[in-house]
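Here are the chains, one letter per residue:
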Amino acid sequence: MKRSFFPVTAGILLCAALTIGMWIYFQSSTRSIDLQENGTQERYDRHYVLLADGMRSSLWQEVYESAREEALKSGAYLELVNSDTMTDYTLEDYLKVSIASKVDGIIMQPTGEQKIRDLIHEATENGIPVVTALEDDPESERISFVGINSYQMGTAYGEEILRLLKKARTSVLILVNSHTRDTGTNLVLSQISNVVKEGAGADRTVDISVYDIDISGNFDSEEAIRDIFVNRGNIPDILVCLDEIITECACQAVVDYNQVENVDVIGYYTSDTILDGIRKGTVTTTVSFSTEEIGRYSVDALEEYYSLGHVSNYFNVGLNVVSQQNINTFPVGESGQEG
């Protein structure tokens, strides 16, 4: 009896050891990825993901490229969760999958919704640091925010509006992405109002209104902007766009409805389409920022958190105002960066 017990026990222990060894090997092997660069296999120490609302835009593609390069320098791999391949999934779904996958860090553009805050909390509880980029949610448990100072941005837009005032009474319509409207956006709107109110003077009246646009689909945003020119009655003198896609749609709308001479468009960001609009005069000016800095600082925040255990609460990204006067310093293909 004893003679048969030991071989069986040894066999069980051996199988268990092999199983554990295979599991450890599998876990280790999932930490390597074929980057398909020069046909070599690269290993990485951490796995980050980049999530955003509207990942198809050139803005987020540029942020991703910068962040990916910075991550590789630190031995980390950054995965782009691309809505083009998962069109039925929401940001909430992406977060749930990222948490379940036990990634090492998340870079994301929040929506301000409580359900997203709850998932950021869940990620934190699971030891996954979250960095918010471009838009912030200070009520969440994110470790850091990378973006443009709301006061600075509001001041830039307000000063551009003042520069374009040509008559005693001017109407200004500000178009906002309803999916990313948060406290930061409201601070931008408040600062725009303050700058215009103080700078317009007693002899000029500026009527400012805000219009939320759902940009979940290109057709939706195009239809909403079409409504401004067709059904709202009074076409604004100045159209301020606080989103890249909204700017591109507004640029096309002023052409389609022959309003290039009547409406000044102040845009957001410097995609190739927007820069082309400035050259042609369909966009008067645009507020730009460095996508390279957003991507780089976002990864730096995660790396700093892992190396020091804490990180700066805020990484400020500088901005520039682009017009026909300085368009040549922003060549096509280098959006958001000075030449």
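Relevant structure appears above.
Residues numbered from 1 in each chain as written. Predicted model: local features only at pLDDT ≥ 70, side-chain atom pairs only at ≥ 80, totals over all residues. Heavy atoms only, no water.

> What should I look at first to understand helix α10 (residues 291-308) in this one?
Every α-helix carries 3.6 residues per turn, so stepping three or four residues along brings you back to the same face. Taking 1.5 Å of rise per residue, the 18 residues of α10 would be expected to cover 26 Å, and the 25 Å separating its terminal C-alpha atoms lies within 8% of that figure. Of all the residues in α10, the buried ones are Thr291, Ile294, Gly295, Tyr297, Ser298, Val299, Ala301, Leu302 and Glu303. (Helix = DSSP H or I, 4+ residues; strand = E, 2+ residues; numbered from the N terminus. Expected span 1.5 Å × (residues − 1). Buried < 20%, exposed > 50% of the residue type's maximum accessible area, 1.4 Å probe, protein only.)

> Sorry if this is basic, but what is going on with the pairing of strand β11 (residues 264-268) here?
The side chains of a regular strand alternate, first on one face of the sheet and then on the other. Counted residue by residue, β11 has 5 buried out of 5 residues, so it is predominantly covered. Here β11 shows a buried face lined by Asp264, Ile266 and Tyr268 and a second buried face lined by Val265 and Gly267. With 3 bridges connecting them, β11 and strand β12 (residues 285-289) associate as parallel partners. The partner of Gly267 across the bridge, within β12, is Thr286. Once you follow β11 into helix α9 (residues 272-280) and on to β12, the crossover reads as right-handed. (Pairing = 2+ DSSP bridges. Right-handed = clockwise from strand over helix to strand, strands pointing away.)

> What am I meant to see in the sheet that holds strand β13 (residues 314-316) here?
The pairing of strands in a sheet comes from backbone hydrogen bonds and takes either a parallel or an antiparallel form. Strand order across the open sheet formed by 6 strands is β4-β3-β5-β6-β7-β13, with parallel pairing between neighbours. If you trace the sheet from one side to the other, it starts and ends with β4 (76-80) and β13, each paired once. Across the sheet, the mean angle separating the axes of adjacent strands is 20° when strand polarity is ignored. Pairing between strand β3 (residues 46-51) and strand β5 (residues 105-108): 4 bridges, direction parallel. Bridging from a neighbouring strand, Leu50 pairs with Ile107 of β5. Against the sheet, helix α3 (residues 91-100) touches β3 and β5, its axis set at about 175° to β3. (Axes fitted to C-alpha atoms, helices over the stretch in contact; angles between N-to-C directions. Contact = heavy atoms within 4.5 Å.)

> Where do I start with the side chain of Gln259 in this structure?
Assignment of secondary structure puts Gln259 in the loop between α8 (244-256) and β11. Relative accessible area serves as the criterion here: at 15%, Gln259 is assigned to the buried category. Each residue touching Gln259, except ones within four places of it in the same chain, is listed here: Phe229, Ile235 and Val254.

> Explain the packing of helix α2 (residues 58-73) against α10 here, please?
How two helices sit against one another is set out by the angle between their axes and by the gap between those axes. Here α2 crosses α10 at 45°, and the two axes come no closer than 7 Å. Classified by the interaxial angle, the pair formed by α2 and α10 is oblique. In the packing of α2 onto α10, the handedness of the crossing is right-handed. Counted together, Leu59, Glu62, Val63, Ser66, Ala67, Glu70 and Ala71 of α2 and Thr291, Glu292, Ile294, Gly295, Arg296, Val299 and Asp300 of α10 form the full contact between these two elements. Along the lines of polarity and charge, the residues of the contact of α2 with α10 split into 6 nonpolar, 3 polar and 5 charged. (Parallel < 35°, antiparallel > 145°, perpendicular 65-115°, else oblique. Left-handed = near helix turned anticlockwise from the far one by under 90°. Nonpolar A, V, L, I, M, F, W, Y, C, P; charged D, E, K, R; others polar.)

> Sorry if this is basic, but what is going on with the pattern of salt bridges here?
Pairing is possible between side chains that carry opposite charge, provided their charged atoms lie close to one another. Enumeration according to the criterion identifies 16 salt bridges in this entry. The salt bridge partner of Arg46 is Glu303, with a shortest N-O separation of 2.7 Å. Of this pair, Arg46 sits in strand β3 while Glu303 sits in helix α10; the two residues are 257 residues apart in sequence, bridging distant segments of the chain. Here the two residues Arg46 and Glu303 agree in accessibility, since each one is buried. A salt bridge links Arg117 to Asp137, with the nearest nitrogen and oxygen atoms 2.8 Å apart. A residue pair is termed long-range when its members are at least 10 positions apart, and Arg117 in helix α4 (residues 114-125) and Asp137 in the loop between β6 (130-133) and β7 (144-147) qualify at 20 residues. Comparing Arg117 with Asp137 shows no difference in burial state: the two are buried. In the salt-bridge network here, residues are joined through shared partners; they are Glu92, Lys96, Glu113 and Lys115. (Salt bridge = Lys/Arg side-chain N within 4 Å of Asp/Glu carboxyl O.)

> When you look at the sheet that holds strand β10 (residues 238-241) in this model, what are you seeing that I'm missing?
Judged by pairing direction, the sheet is mixed, and its 6 strands sit side by side in the order β9-β8-β10-β11-β12-β14 without closing on themselves. Edge positions in the open sheet fall to β9 (205-213) and β14 (319-322), since each of these has one partner strand only. Within the sheet, the average angular offset between the axes of one strand and its neighbour, ignoring direction, is 15°. Taken together, the 9 bridges between strand β8 (residues 169-177) and β9 define a ladder with parallel strand orientation. Looking at the pairing, Leu175 lines up with Tyr211 of β9. In this fold α8 packs onto β8, β9, β10 and β11, with an angle of close to 155° to the strand it touches most, β11.

> Got a minute to help me understand the environment of Glu125 in this structure?
Tracing the chain through its elements places Glu125 in helix α4. The exposure class assigned to Glu125 is exposed, which follows from its relative accessible area of 58%. Separated by 16 residues in the primary sequence, Glu125 and Glu141 have C-alpha atoms spaced 9.8 Å apart.

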